[in-house]
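Residue-level listing of the chains:
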Amino acid sequence: KIAVMNQKGGTGKTTTTVSLAHGLARLGHKVLIVDMDSQGNVGVCLGQEGGKNLYHVMVDNAAPEEAIVEVRERLDLLPSDNLLAKVEVHLAHVQHPARVMKSRFRDVVDYDYILLDCGPSLSLLNQNALFFSDYVIIPVACDYLSLVGVKQILKTLRGVQEQLRHPITVMGVIPTFFDVRNRISHEVLRTLRRYFTDKVLTPIRINTRLKEAPAKQKTIFEYAPRSAGAQDYTKLVEAIVERLECPASLTSQPTPSFSLDGS
């Protein structure tokens, strides 16, 4: 169970979730995407709209399988829409609000991977995602403000580990929108490698085909399989599989401190 999260918007979370999920499915793994964002962008990218969604599971006690739909071979989706905004109000009035999702999904066991595309906020819903997940992947756009987002999410992870006593590991940090021509991209990459060392994965280069694919309701592997975007996400899929096959490299560790001033 992997949460894809950055509390800053515009870092490529949905593109990363969809591309990683479809890449894993293409390798023969059974994969579920849970869209945790009220914008419902995963469904838009994969051409799936309407029907029951995460709101009905979290608030109306619908079984997850009632809302899960097949979107590609070996790839399923539990979608979301703007009803999800009401989930926050519901969670604020229940006991142990961060544990609701884990309870609702306790019988969802038929998948090799469950990926959660989290919204850009510090919310009760995202706390549910972290408490449910084993790992977190952090996409970081190659600009200074995205580094601020990393600092915020690490603080949130420490809170989950310490207050909820739930071990969750940073599986990897993914530099996105990497432009080899721009100095800031290289500066961000150096900063990430200084703090996260081997947890920094191969950068996803800025690529027009990645922006075009959602408009065609296709993943990058369907829309432009020979593009730089497809090549980079293929490497990401391989890296994730390799890390999970060597669990010693992903043992839960205290969440690192992260400074933007070099201290």
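Everything discussed here concerns the structure shown above.
Anyway, here's the lowdown on the structure attached to this text. (Residues numbered from 1 in each chain as written. Predicted model: local features only at pLDDT ≥ 70, side-chain atom pairs only at ≥ 80, totals over all residues. Heavy atoms only, no water.)

Description of helix H9 (residues 183-196)
Count 3.6 residues to each turn of an α-helix, and residues three or four apart come out pointing the same way. Helix length check: H9, at 14 residues, gives a terminal C-alpha distance of 20 Å against a target of 20 Å (1.5 Å per residue), a fit within 8%. Residues Ser185, Val188, Leu189, Thr191, Leu192, Tyr195 and Phe196 constitute the buried set of H9. One side of H9 holds all its buried residues, which, seen down the axis, span an arc of 165 degrees. Set apart from the buried face of H9 by more than 90 degrees, the exposed residues are Arg183 and Arg190. Turning to H9, the residues buried within the fold contact strand E6 (135-141), helix H8 (144-163) and strand E7 (169-176). Thr197 sits one or two residues past H9 and shows a positive phi near 45 degrees. (Helix = DSSP H or I, 4+ residues; strand = E, 2+ residues; numbered from the N terminus. Expected span 1.5 Å × (residues − 1). Buried < 20%, exposed > 50% of the residue type's maximum accessible area, 1.4 Å probe, protein only. Arc of directions from axis to C-beta. Contact = heavy atoms within 4.5 Å.)

A word on the packing of aromatic side chains
Counted according to the given criterion, the structure contains one aromatic pair. Lying over the aromatic face of Phe132, Lys1 brings its terminal NZ or CZ to 5.3 Å of the ring centre. Here the basic side chain of Lys102 rests over the ring of Phe131, its NZ or CZ set 4.9 Å away from the ring centre. (Phe/Tyr/Trp six-rings, centres within 6.5 Å; stacked < 30°, edge-to-face > 60°. Lys NZ or Arg CZ within 6 Å of the ring centre and 35° of its normal.)

Looking at the sheet that holds E6
On the basis of which strands lie adjacent, the open sheet formed by seven strands has the order E3-E4-E2-E5-E1-E6-E7 and mixed pairing. In this open sheet, the two edge strands, each paired with only one partner strand, are strand E3 (69-72) and E7. Taking each pair of neighbouring strands and ignoring which way they run, the sheet shows an average axis angle of 25 degrees. Sheet topology note: the strand E1 (residues 2-4)/E6 ladder contains three bridges and is parallel. Within E6, the position partnered with Ala3 by the bridge is Val136. Running at roughly 165 degrees to E6, H8 makes contact with E6 and E7 of the sheet. Strands in contact with helix H12 (residues 228-245) are E1, strand E5 (113-118), E6 and E7; relative to E7, the strand with the most contacts, it is inclined by about 165 degrees. (Pairing = 2+ DSSP bridges. Axes fitted to C-alpha atoms, helices over the stretch in contact; angles between N-to-C directions.)

Taken by themselves, the reported measurements are silent on function.
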